[in-house]
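Observations on the model geometry
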Amino acid sequence: MAFRTPPVLVTFSPDGTWVAASDGREIGIWQVSTGARRPPVRSTTGMAIEALALSDGGEWLAVAERGLPGTWIALYATATGQPVARWPAGSEAVLRLTFGPGNTWLASGTGDGGIRIWRVPDGALLQSLNGHTDAIVALKLSPDGQTLASGSIDGTVRLWSLR
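First, a word on what this report is: a plain description of the structure on this page. Keep in mind that this is a model prediction, so the values were computed, not measured.

A word on the pattern of salt bridges. Per the stated rule, a full pass over the model turns up three salt bridges. A salt bridge links Glu26 to Arg42; the nearest nitrogen and oxygen atoms lie 3.1 Å apart. In this pair, Glu26 is assigned in strand 3 (residues 26-31) and Arg42 in strand 4 (residues 41-42), connecting sequence segments 16 residues apart. When its relative accessible area of 7% is taken as the criterion, Glu26 is described as buried. Arg86 is the salt-bridge partner of Glu65, the closest N and O atoms lying 3.8 Å from each other. Of the two residues, Glu65 is situated in strand 6 (residues 60-66) and Arg86 in strand 8 (residues 82-90); the sequence distance between them amounts to 21 residues.

Below is the structure:
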């Protein structure tokens, strides 16, 4: 897939079998082992894409879209490129996304330092994690799925127990 503008976001699925890239407007998804391409994903709202996450196995793609009003998280089926769900994520930009074990939840890190845990696929808010004082620029789940690590512009790294 060739983008009209340079790709600015790239992510792998947690199991490493899929990769997605975006230029901020559309998203390409490829199987790593074969190079096979899934249908492209385009924002259904035309809003700017700010963050991506692929689920384990590459079944779902989570996308943070920024526009008016606020930020939305959209969940797409990668097999079709079609939206499955969409929910409001607040007024702050969502800068990072990561799926939880079994693809049952999604964590988002925001521009104001907040972390939210959303149920997949319906987007119900399960938990808010507060402690950073500035934007979340790194968000990663431990291999055992029990700890979420977050890094912030405030200079801190926090570990969140999810047991």
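Alright, that's what it looks like, and here's the rest.
If you trace the four strands from one edge of the open sheet to the other, you get 9-10-11-12, paired in antiparallel fashion. The two strands at the open ends of the sheet, each matched to only one other strand, are strand 9 (94-99) and strand 12 (125-129). Taken over all neighbouring pairs, the strand axes of this sheet differ in orientation by 20° on average, direction set aside. Both strand 9 and strand 10 (residues 105-110) contribute to a ladder of five bridges, which runs antiparallel. Within strand 10, the residue paired with Val94 across the bridge is Thr110.

Calculation rules
- Residues numbered from 1 in each chain as written.
- Predicted model: local features only at pLDDT ≥ 70, side-chain atom pairs only at ≥ 80, totals over all residues.
- Heavy atoms only, no water.
- Salt bridge = Lys/Arg side-chain N within 4 Å of Asp/Glu carboxyl O.
- Helix = DSSP H or I, 4+ residues; strand = E, 2+ residues; numbered from the N terminus.
- Buried < 20%, exposed > 50% of the residue type's maximum accessible area, 1.4 Å probe, protein only.
- Pairing = 2+ DSSP bridges.
- Axes fitted to C-alpha atoms, helices over the stretch in contact; angles between N-to-C directions.

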